[in-house]
Amino acid sequence: MSTAFASPSETTSSSAAGASASSAGGTPRRSAVSAVVNRLTSPKTIDFVDVPVQEYYSTNVFTKSVMKDRLPKSVYKSLLQTIDSGAKLDPAIADIVASAIKDWAMEKGATHYAHVFYPLTGATAEKHDSFLSPTSDGGTLSEFSGKQLCQGEPDGSSFPSGGIRVTSQARGYTIWDVTSPAYILENPNGTTLCIPTAFVSWTGEALDKKTPVLRSMQALNQQAQRILKIFGHTDGAFVASTAGPEQEYFLVDRNFYYARPDLLNAGRTLFGAKPPKGQQFDDHYFGAIPERVLAFMCEAERELFKLGIPVKTRHNEVAPGQFEIAPVFESANVAADHQQLMMLTLRRTAEKYGMACLLHEKPFAGVNGSGKHVNWSLGSSSQGNMLDPGGTPHENAQFLVFCAAVIRAVYKHQGLLRAVVASAGNDHRLGANEAPPAIISIFLGDQLTDIFEQIRAGGANSSLPSGTLEVGVDVLPPLPKDAGDRNRTSPFAFTGNRFEFRAVGSNQSISGPLVAMNTIIAESVDYCATRLEAATEKDPDALNGAIQTLISDILSECSPIIFNGDGYSEAWHKEAEKRGLLNLTTTADALSSLVGDDVVSMFSKYGVLSERELHSRLETYQEQYCMTVDVEANLALSIAKTMIFPAAVRYQNELASTCANLKLVGYEFDTDTLDSVTALVKSLQEGIAVLEDAVTHDSASTPEDECRHRCDAVLPSMLKLRETVDKLEEIVADDIWPLPTYQEMLFIK
Ligand SMILES: NC(=O)CC[C@H](N)C(=O)O
């Protein structure tokens, strides 16, 4: 696959003979390549010397310190009680806060405010309203009342509601979430005050992703307080779940992006032959970051810093063209909002640098896909991180109880955890030996596994020592060695002081996974607290024995979920089956776990989602799955018919005319290539017909059947068509091939 870069002046020849010399520049692909090659280098846009980046931190956020400066003391204190301790919001302070936010925002150039909410589409939604109202004397007055801060009224039926709202029932409300700070979004022509909100229907039912996150955090706090009380911690400091999502993404030049209808509309390539060079050299991961990409990262990070998003890490990821950005921990609700802003910022900044940021879980077949590993823990201002084992975990009973609760929760609700990461995109990634398999299991590491084994055998009295790393080079400093190795194949891994839910997809909102983790762990913490409370009610000294029995019981029941080995291996798949673990390989298999009896009763017991709300989510996600596959199938058909078929027959014609011409002058022509192309053209036409058939099937009877049809008929037909197209790409003349190739998209920066 040679890539002779064309200059923009080159034109296409319609004649087949000598095509490679004269037709360069004719296909959208060739124009894309030459546009990239002739691209001007990115200008320097950041004055990083005179205005160091730390000076930007949170400048566009209505932070606690801004509140302190601008609000009366009593109002500030009352707000803080709600933000830090989960106390009920006092509606009487709304007018005062609104006026202070408006003044602050207008000083920063804001003309409008927007309630930002998080509908079930997984994206964000916003409607902007001006602060300015006309006055009778022909002027304007700026106003922003407490009511405008607290409540908005977008059309509740225009967002996916899974049947909760019908078209005629329009009323929906957005409600100010004081626990997630308001911020200013900049645009070259003005700024907007953004207020994170919950979005509910007229009946109070959640139509969004934020409301259940808040409810689940409340549930987790209530249950965690009971465990803390057992251990003598009664200050009541709010126990918040915390999250730190690692975002993986690809960057491709926008010229390629626009020349690929599949990337533009589906976010992934539906066709594309395997390039000779992929990721086999392992030379991209942590490699030197290309200059243009680093410039993009610096600017994206500066924007995120302004929004108070604590991004910390950047690096090249495993696949060529793939990168990662990761923040440090924040309260789960704020982390979820920040995660949405991060995706938006990455996309917008990439545009400024002439690139497209691909957040899809599997934009390119054959190289690694992208995950969003969600690091999860729980903690409070007085107790710190409750999943930090300390130096001698076997003596840290409180940690061991919380940890055992997590093990029980994951074991009991494997199906739910699989369901909340289910999507058409993530199906291509999970289980493809580059990301965790679809089987949910927990990696504990040597040290914790050993401690739990000791407890099971009657009591733990030691922790495996951490030791020192021996490198055998005198000039290198001695390093303390971690007590256990890490595991990259586990969907749910303990990583020293938190769990990392690695199965989450790069394009997903982290809210669903957070709601699931918070709630299942709240349920297990409730179970542990109930047993420990009962055991110590009459005799407080019974606590140690009760903990020992509790943890032993949990391990006896739930240890099949613990697996420290290679999650990609065939042996694990067999072993997991023997252990009775679920292996829900596709979204069509996984989604119904959202409404299993145990899930419905758990969510309603803790007031996180009602049965109706759960069903509405299931219906929405089923619909999204079907729509995604349908769009992809229709795109595949249109690309195959209008781009691939014409290219293939042009090449076929070129070969046929050469053959005919040679025969005329008495030469033989070896027709092997012509035969292959002819066979592939036939197979292309057949593949198109089969996929068309699958797409236009009679409507199946239930949403489950609809999903099954996409999974069992449409996707396999797309794959079959892809096989033919990819074979054609390997044989058709390079100058005729219309789509930018993997080689070009992944390697030209
Ligand atoms: N470096 C890594 O951890 C690779 C992770 C992988 N890209 C995923 O999809 O999860």
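Please read all numbers here as calculations on a predicted model, not as lab measurements.

Conventions we followed
Residues numbered from 1 in each chain as written. Predicted model: local features only at pLDDT ≥ 70, side-chain atom pairs only at ≥ 80, totals over all residues. Heavy atoms only, no water. Buried < 20%, exposed > 50% of the residue type's maximum accessible area, 1.4 Å probe, protein only. Helix = DSSP H or I, 4+ residues; strand = E, 2+ residues; numbered from the N terminus. Pairing = 2+ DSSP bridges. Domains from an automatic or database assignment. Contact = heavy atoms within 4.5 Å. Buried area = accessible area lost by both parts, 1.4 Å probe. Salt bridge = Lys/Arg side-chain N within 4 Å of Asp/Glu carboxyl O. Phe/Tyr/Trp six-rings, centres within 6.5 Å; stacked < 30°, edge-to-face > 60°. Lys NZ or Arg CZ within 6 Å of the ring centre and 35° of its normal. Near = heavy atom within 4 Å. Polar contact = N/O pair within 3.5 Å; in protein donor to acceptor, adjacent residues only side chain to side chain. Areas by Shrake-Rupley, 256 points an atom, 1.4 Å probe, with all protein chains shown as cover. Nonpolar A, V, L, I, M, F, W, Y, C, P; charged D, E, K, R; others polar. Patch = residues over 30% accessible without salt bridge, like charges linked within 9 Å, V, L, I, M, F, W, Y side chains within 5 Å. Axes fitted to C-alpha atoms, helices over the stretch in contact; angles between N-to-C directions. Parallel < 35°, antiparallel > 145°, perpendicular 65-115°, else oblique. Left-handed = near helix turned anticlockwise from the far one by under 90°.

1. A short note on the pairing of strand S14 (residues 372–380)
Line of reasoning, step 1. Of all nine residues making up S14, nine are buried, and the element is well covered by its neighbours.
Line of reasoning, step 2. Side chains of S14 alternate between two faces, with Lys-372, Val-374, Trp-376, Leu-378 and Ser-380 and His-373, Asn-375, Ser-377 and Gly-379 buried alike.
Line of reasoning, step 3. Examined bridge by bridge, S14 and strand S20 (residues 499–501) share three bridges and lie antiparallel to one another. Looking at the pairing, Val-374 lines up with Phe-501 of S20.
Line of reasoning, step 4. Judged from the two bridges that link them, S14 and strand S15 (residues 384–385) form a sheet pairing that is antiparallel. Looking across to S15, one finds that Gly-379 is bridged to Asn-385.

2. A look at the domain arrangement of the protein
Line of reasoning, step 1. One can read the domain layout of the protein as domain 1 (8–41), domain 2 (56–207), domain 3 (218–466 + 480–608) and domain 4 (625–747).
Line of reasoning, step 2. Taking only C-alpha atoms, the centre of domain 2 and the centre of domain 3 are 30 Å apart.
Line of reasoning, step 3. The interface is formed by 22 residues belonging to domain 2 together with 16 residues belonging to domain 3.
Line of reasoning, step 4. Regarding the contact of domain 2 and domain 3, the summed buried area is about 1,500 Å², with carbon and sulfur atoms giving 57% of it.
Line of reasoning, step 5. Interface area lost by domain 2 to domain 3 is led by Tyr-56, Tyr-57 and Tyr-118, which between them contribute 33%.
Line of reasoning, step 6. The salt bridge involving Glu-186 is made with Lys-306; its shortest N-O contact spans 2.9 Å.

3. Structural notes on the packing of aromatic side chains
How two aromatic rings sit relative to each other is given by the distance of their centres and the angle of their planes.
Line of reasoning, step 1. Evaluation of the coordinates by the stated rule reveals 19 aromatic pairs.
Line of reasoning, step 2. Between Phe-399 and Phe-494, the ring centres sit 6.1 Å apart and the planes meet at 55°, which makes this aromatic pair tilted. Residue Phe-399 is located in helix H12 (residues 397–412), and its partner Phe-494 is located in strand S19 (residues 492–494); the two are separated by 95 residues in the primary sequence. Each member of the pair, Phe-399 as well as Phe-494, is classed as buried.
Line of reasoning, step 3. Ring plane angle 50° and centroid distance 5.4 Å describe the contact between Phe-492 and Phe-501, whose orientation is recorded as tilted.
Line of reasoning, step 4. The buried category is assigned to Phe-492, whose relative accessible area is 0%.
Line of reasoning, step 5. Three or more aromatic residues link up through ring pairs in this structure, and these residues are Phe-399, Phe-492, Phe-494, Phe-499 and Phe-501.
Line of reasoning, step 6. One residue, Arg-408, lies across the ring of Tyr-527, its end atom 3.9 Å from the ring centre.

4. Thoughts on the site of the ligand
Line of reasoning, step 1. Neighbouring residues of the ligand: 14 residues in total, closest Glu-248, Gly-369, His-373, Arg-429 and Arg-488.
Line of reasoning, step 2. Measuring from a nitrogen atom of the ligand, one finds a side-chain N or O atom of Glu-248 at 2.7 Å.
Line of reasoning, step 3. When the ligand is considered free in solution it has 310 Å² of accessible area, and contact with the protein chains removes 95% of it.
Line of reasoning, step 4. Here the residues of the shell around the ligand sort into three nonpolar, five polar and six charged.

5. Quick word on a nonpolar patch on the surface
Line of reasoning, step 1. A cluster of nonpolar side chains, Val-471, Val-473, Val-475 and Leu-476, forms an exposed patch at the surface whose accessible area comes to about 380 Å².
Line of reasoning, step 2. On the secondary structure map, Leu-476 appears in the loop between strand S17 (468–469) and strand S18 (479–480).
Line of reasoning, step 3. Judged by relative accessible area, which is 45%, Leu-476 ranks as partly exposed.

6. Let's talk about the packing of H12 against helix H16 (residues 511–536)
Line of reasoning, step 1. Running from amino to carboxyl end, H12 crosses H16 at an angle of 125°, the nearest separation of the two axes being 8 Å. One way to sum up the angle between H12 and H16 is to call them oblique. Pair H12 / H16 crosses with right-handed handedness. For the pair formed by H12 and H16, the contact residues are Val-401, Phe-402, Ala-405, Val-406, Arg-408, Ala-409 and Val-410 on the first element and Ile-520, Ile-521, Glu-523, Ser-524, Val-525, Tyr-527, Cys-528 and Leu-532 on the second.
Line of reasoning, step 2. For the contact of H12 with H16, the residue count by class is twelve nonpolar, one polar and two charged.

7. Section: the environment of Ala-457
Line of reasoning, step 1. Here Ala-457 shows up in the loop between helix H15 (445–456) and S17.
Line of reasoning, step 2. Overall, the relative accessible area of 71% leaves Ala-457 in the exposed class.

8. Re unusual backbone geometry
Line of reasoning, step 1. The phi dihedral of Ser-58 falls on the positive side, at around 65°, and the residue is not glycine.
Line of reasoning, step 2. For Ser-58, the location among the structural elements is in the loop between helix H2 (28–37) and helix H3 (64–70).

9. Considering the pairing of strand S1 (residues 110–117)
Line of reasoning, step 1. Across the eight residues that make up S1, a large majority, six, are buried.
Line of reasoning, step 2. Strand direction decides the pairing type here: S1 and strand S8 (residues 190–201), joined by six bridges, are parallel. Paired with Val-116 across the strands is Pro-196, a residue of S8.
Line of reasoning, step 3. When S1 meets strand S2 (residues 125–130), the two strands line up antiparallel, connected through six bridges. Paired with Val-116 across the strands is Glu-126, a residue of S2.

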